[in-house]
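# Tertiary structure, described
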Amino acid sequence: MKRALVMVGIAVLAVALVGGGIWLRMRSSEVPFEEQPSLGGSLPPPPPPQEDPRQTDPSVGGLIAKTGSLATEIGKSVAGYGFEPDGALVAIQTDGTVVRVLKQEIVSIGKTPFSPLVSASFSFDSRRAILRGEDATSVGIFDVASSSWRALGDLARSSWSPSDLRVVYVAPKGSGWSLFTLDTKSKTAKPQSLSSFSHEGLFPSWIFPDKIFLSEKPSALVDTSVFSFDLAKKILSRIVQGRGALALWDRDASRGIVFVGNARGGGSLALVDSSGNIEKQFSFVTLPSKCAFETKTLGPQAGVKAKKKSWLVCAVPRDRRAFESSILPDAYFQKELRTEDGFYRIDIETGTITTLFDEEASSLDAADVKTKNGRVYFLNQYDNFLYSISLE
């Protein structure tokens, strides 16, 4: 049984509002965020091992039981994965094989037109995917059901709509750059330009139907920004700025987590609202790409109205000293640094930190983290296999 140790893992940080939002600028001392007394401590110690009761024959794929709550969902190199409306997991392996996993059974359902694949990004219903190959021209839309393919080189920097089959992408236009949408449901649909700007190298993230976040390529050596684009008002606003700034947003775009690096190494992680205002600062450091928000609706019970409850699930490097002495996020994204992570669940309201999985015998460097079906899923950078851990 997992042990939940109550800790004040998030320290309240007071901030001043600057023009409706705060810019996370580096001070002359290069300390990310304003320093405050820390009320947090070290993460909880690992829980005793538990056996995952699920097991299938490894020779045919599926779930392979391991110590603790860790399970191997797909024991082959995976380019990307998503979930269908019924909860079934769909993944595309780097060799182009498309597989579906439901009730511990893994079935091959198709093949992509080329391989190897570098990445696969799924639509909201996992019926289509943006594929990227090793060749810069191998980019486009893949229909999972029909195995049809549509090459679209402009989708190198793209993101799916959270509610339909539109995709948003950034592409050159004239002497600058433009933000486009394309309805992939129609083969005759033409790109629709949303806005033009001079910022180069923006990467979109379409989290909420009316809001698109765009981020510059992060580096701790220079200030980088995160922008918000309002689809209704067609307004682009800078909401975060700092060394190596990275952000992750929850599904309703009401809050996110922001990492800001330091040219001398390490960085800070904070909870922010949709305008970039800091709400709380975490007592630990990890990268947003190693985290996922989890939201549940609790109640109603005994006259108490139903309410939403939120947690943050994060993979946190065990070797904190090595991680925080590295130039982040540069060293990690350039593969100069690899981490071995433990998994934790943080209650956004109370700061309670629960250890989900932390065993030194398991080498896990988590990426592409998602929560679904009572589990946290992730790709392990050491082998590119897809794993999951129970949240209960």
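What you see is a predicted model; the values in this text were computed from it and never measured.

### Considerations on the sheet that holds strand S20 (residues 235–243)
Pairing is antiparallel in the open sheet, where four strands are placed in the order S17-S18-S19-S20. A single partner strand is all that each edge strand has here, and the edge strands are strand S17 (202–208) and S20. Across the sheet, the mean angle from the axis of one strand to that of its neighbour is 20°, orientation sign disregarded. As defined by bridge partners, S17 adjoins strand S18 (residues 211–216) across six bridges and the pair is classed as antiparallel. Residue pairing in the sheet places Leu202 in a bridge with Glu216 of S18.

### Some remarks on the packing of aromatic side chains
Given two aromatic rings, one states the distance between the centres and the angle between the planes to describe the pair. Taken as a whole and judged by the stated rule, the model has eleven aromatic pairs. Considering the side-chain rings of Tyr81 and Tyr377, the 6.5 Å spacing of their centres and the 40° angle between planes classify their relative orientation as tilted. A residue pair is termed long-range when its members are at least 10 positions apart, and Tyr81 in strand S5 (residues 78–83) and Tyr377 in strand S30 (residues 375–380) qualify at 296 residues. Judged by its relative accessible area of 6%, Tyr377 falls in the buried class. Plain terms: the ring middles of Phe83 and Tyr377 are 5.0 Å apart, the flat faces sit at 65° to each other, and that makes the pair edge-to-face. Taken together, the residues Phe83 in strand S5 and Tyr377 in strand S30 connect sequence positions 294 residues apart. Residues Phe83 and Tyr377 agree in their burial class; the two are buried. Taken together, the ring pairs connect Phe343, Phe378, Phe385 and Tyr387 into an aromatic cluster. One residue, Lys370, lies across the ring of Tyr81, its end atom 3.9 Å from the ring centre.

### Here's the deal with the state of the cysteines
Enumeration according to the criterion identifies one disulfide in this entry. Each sulfur of the disulfide joining Cys291 and Cys314 lies 2.1 Å from the other. Disulfide Cys291 to Cys314: torsion about the S-S bond roughly 110°, handedness right-handed. Here Cys291, found in strand S25 (residues 291–298), pairs with Cys314, found in strand S26 (residues 307–317); they are 23 residues apart in sequence, far enough to count as distant. For the residue pair Cys291 and Cys314, the accessibility class agrees, reading buried in each case.

What counts as what
Residues numbered from 1 in each chain as written. Predicted model: local features only at pLDDT ≥ 70, side-chain atom pairs only at ≥ 80, totals over all residues. Heavy atoms only, no water. Pairing = 2+ DSSP bridges. Helix = DSSP H or I, 4+ residues; strand = E, 2+ residues; numbered from the N terminus. Axes fitted to C-alpha atoms, helices over the stretch in contact; angles between N-to-C directions. Phe/Tyr/Trp six-rings, centres within 6.5 Å; stacked < 30°, edge-to-face > 60°. Buried < 20%, exposed > 50% of the residue type's maximum accessible area, 1.4 Å probe, protein only. Lys NZ or Arg CZ within 6 Å of the ring centre and 35° of its normal. Disulfide = S-S within 2.5 Å.

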